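Examining the three-dimensional arrangement
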Amino acid sequence: MLRILTEHGVDLFFLWRWMLAVTGAVYTATRAIQSLSRWLGGLDTTDRINRIKQHYIVIHLLRIRLRDFWWELCQIVLLAGVLMLVVRMHYYL
Amino acid sequence: MSNKPTLNKVADTEARSNLIRQANRLGMVIREEWSDEELTKRLALRREQIESLDWGGLMDIMTWAKHPVPTRPTKLAVAQIILAHKRGHYQGLSHKGLVCLAILRNVKIKNKDSARKIMSRLRRSEGIWGYVLRKRDKLVGSVLSTLVDAEPQINGTANQSETLTLQEHIEQRGLIEGLGSGLRGAADGYISEKMQEIEDRIDYKLDEIDRRLAEWRNRELTNRLRMIKITLAVSVVIALLSLLYTYIREQL
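Our subject in this report is the structure included herewith.

The next subject is the overall build of chain B. For chain B, the helix and strand inventory stands at eight helices and zero strands. Reading chain B from its N end, one meets helices and strands in the order α-α-α-α-α-α-α-α. When burial is assessed residue by residue, chain B has 30% of its 252 residues classed as buried. In chain B, once contacts between residues fewer than 6 apart in sequence are set aside, the share between residues at least 24 apart is 48%. Surface summary for chain B: the accessible area is close to 16,700 Å², and the carbon and sulfur share equals 59%.

Structure representation (structure tokens):
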């Protein structure tokens with residue numbers, strides 16, 4: 001099977017990478033949409049309690065101070081930069 | 001048929017007693033010979049007289065009597081409160097207040113009368129019996145406040161009436177009413193103090209919940225960022241492996 005694929009010019013690593021990317025993207029998108037719809041569905045009512053909850057959540061979101069997470073954010077930016085660089089390096093080989 | 005005159009008589013009696021009650025509340029001196037019409041006419045005149053009183057003078061009396069002003073004060077309501085007040089010494093009351101008090105207590109004064117003169121007239125209007133009763137209340141109040149509580153009543157709010165001592169309550173309202181009023185003041189003070197405590201506890205709990213929620217939010221956010229970081233790190237490692245693989249393949 002492996003030999004057949006190799007003979008037909010199919011790159012296994014490329015295939016695995018492509019499958020992983022597709023699976024990961026689909027899984028992440030599905031979970032994100034599910035979570036978002038659950039939050040919006042829970043809060044999208046006209047009753048008073050849920051409106052108070054909505055306001056409270058908005059207040060809590062506004063109270064977030066990014067400087068409390070500066071180290072994590074810096075690491076994320078750095079890793080994203082490295083990833084882009086490594087991906088870009090594929091074209092120079 | 002025979003019931004009608006009796007019913008009319010009852011209705012007349014009720015109407016008259018209602019008029020008399022109103023007149024008493026407004027501090028009027030009622031004469032037996034006055035008919036209902038006469039009484040109604042004099043009540044209207046009395047109301048007009050009260051409405052014409054100086055508002056500042058009435059407020060001076062309320063301050064002097066240490067009585068809280070009603071939430072929606074009208075001259076009639078304030079006058080009724082003042083008329084229920086029995087305080088006998090008038091030190092500290094302004095001239096305007098003394099004039100209003102004299103009018104409310106039906107004491108005849110002249111325009112040129114000084115404050116001292118009005119005070120003297122007010123005291124004289126009490127009569128000997130009134131004087132004796134006032135002194136008795138003062139003595140009883142003094143004895144009771146020494147035995148029970150010499151300090152002002154518990155005050156949970158900034159209400160002026162609650163700073164009255166038990167002696168002052170008894171002096172102003174008589175023994176039973178004064179004791180009742182004093183106890184009511186103490187109970188009100190206690191309740192408002194407890195309410196304040198409960199409010200403080202609720203505020204503290206709400207602050208605590210808010211603080212914990214903020215902590216939870218920060219922790220949750222940190223976890224999510226860490227997950228992104230781990231995902232990116234793994235992606236970089238995979239990308240490096242891929243780069244290595246591509247390099248080896250190109251070399252071969």
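This paragraph deals with the pattern of salt bridges. Note on pairing: side chains with opposite charge can pair once their charged atoms come close. Residues and elements named next belong to chain B. Applying the stated criterion across every chain, the model contains 10 salt bridges over all chains. Notably, a salt bridge pairs E208 with R211, separated by 2.9 Å at the nearest N-O pair. On the criterion of helical spacing, the pair formed by E208 and R211 is a turn pair, its members being three residues apart in helix α8 (residues 175-251). Put simply, R224 and E220 hold a salt bridge, and the shortest N to O gap is 3.0 Å. Separated by four residues within a single helix, R224 and E220 lie in helix α8, roughly one turn from each other. Overall, E220 belongs to the partly exposed group, its relative accessible area being 27%.

Residues and elements named next belong to chain B. Their axes nearest at 7 Å, the elements helix α3 (residues 55-64) and helix α5 (residues 95-104) cross at an angle of 90 degrees. Classed by the angle they form, the pair α3 and α5 counts as roughly perpendicular. Between α3, through G56, G57, L58, D60, I61 and W64, and α5, the contact on the second element is made entirely by K96, G97, C100, L101 and L104. Classifying every residue of the contact of α3 with α5 by side-chain character gives six nonpolar, three polar and two charged.

Turning next to a negative patch on the surface. Negative charge collects at one region of the surface, where E199, D200, D203 and D207 of chain B lie side by side. With respect to the helices and strands, the residue D200 of chain B is situated in helix α8.

This part covers the interface of chain A and chain B. Of the residues lining the interface, 22 residues belong to chain A; the matching set on chain B comes to 24 residues. Carbon and sulfur atoms make up 75% of the area that chain A and chain B hide from each other, which totals about 2,300 Å². When the buried area of chain A at its contact with chain B is split by residue, F69, L79 and L93 of chain A rank highest and sum to 24% of it. Taken together, the connections running from chain A to chain B amount to one salt bridge. Of the charged contacts in the structure, one is a salt bridge between R63 of chain A and D210 of chain B, with a shortest N-O distance of 2.8 Å.

A separate point is the layout of surface pockets. The probe, sized like a water molecule, is rolled over the atoms to show the empty space still left. Reported here for the largest pocket is a volume of approximately 1,200 Å³. Along the wall of the largest pocket there are 30 residues; nearest its centre are S35 and W39 of chain A together with W216, E220 and R224 of chain B. Top contributing element to the lining of the largest pocket by residue count: helix α2 (residues 12-43) of chain A, with 12 residues. Among the residues forming the lining of the largest pocket, the class breakdown is 17 nonpolar, seven polar and six charged. Put simply, the second largest pocket is a space of about 610 Å³. Around the second largest pocket, the lining comprises 21 residues; the ones closest to its centre are R17 and A21 of chain A together with S235, I238 and A239 of chain B. Sorting the residues of the lining of the second largest pocket by element identifies α2 and α4 (70-89) of chain A together with α8 of chain B as the ones contributing at least two each.

The rules behind the values
- Numbering of residues starts from 1 in every chain and runs along the sequence as written.
- Chain letters start at A and ligand numbers start at 1, both assigned in the order the entries are written.
- Owing to the predicted nature of the model, reporting of local features is limited to residues with pLDDT of at least 70; listing and counting of side-chain atom pairs is limited to 80 or more, with chain, interface and lining totals taken over all residues.
- To get the side-chain values, all heavy atoms of the structure are used, and hydrogens and water are removed first.
- Put simply, DSSP marks the helices as runs of H or I at least four residues long and the strands as runs of E at least two long, and each gets a number from the N terminus on.
- Accessible area is worked out with a 1.4 Å probe on protein chains only. A residue is then buried under 20% of its type maximum, exposed over 50%, and partly exposed in between.
- By definition in these notes, contact holds between two residues if any of their heavy atoms fall within 4.5 Å.
- Working definition of accessibility: Shrake-Rupley area with a 1.4 Å probe, residue cover restricted to the visible protein chains.
- What counts as a salt bridge is simple: a side-chain nitrogen of Lys or Arg found within 4 Å of a carboxyl oxygen of Asp or Glu.
- Between N-to-C directions, angles span 0 to 180 degrees; the directions come from axes that are lines fitted to C-alpha atoms, helices contributing only their stretch in contact.
- Reported orientations rely on four angle classes, namely roughly parallel under 35 degrees, roughly antiparallel over 145, roughly perpendicular from 65 to 115, and oblique for the rest.
- Gly is placed with the polar residues, together with every amino acid not listed as nonpolar (Ala, Val, Leu, Ile, Met, Phe, Trp, Tyr, Cys and Pro) or charged (Asp, Glu, Lys and Arg).
- Patch membership requires over 30% relative accessible area and the absence of a salt bridge. Like charges are linked within 9 Å, and nonpolar side chains (Val, Leu, Ile, Met, Phe, Trp, Tyr) within 5 Å.
- A residue counts as positive if it is Lys or Arg and as negative if it is Asp or Glu; His and the chain ends are not included.
- For the purpose of locating charges, the reference atoms are NZ of Lys, CZ of Arg, CG of Asp and CD of Glu.
- Accessible-area loss on putting two parts together, using a 1.4 Å probe and summing over both, is the definition of buried area adopted here.
- Here the term cavity refers to a set of points on a 1 Å grid, laid over the protein atoms alone, in which a 1.4 Å probe fits but cannot get out; the term pocket refers to an open set having protein on both sides within 12 Å along at least five of seven lines, with lining residues being those that place an atom within 4 Å of a point.
- Grid points are joined across faces, edges and corners, and a volume is the space filled by probe spheres set on the points.

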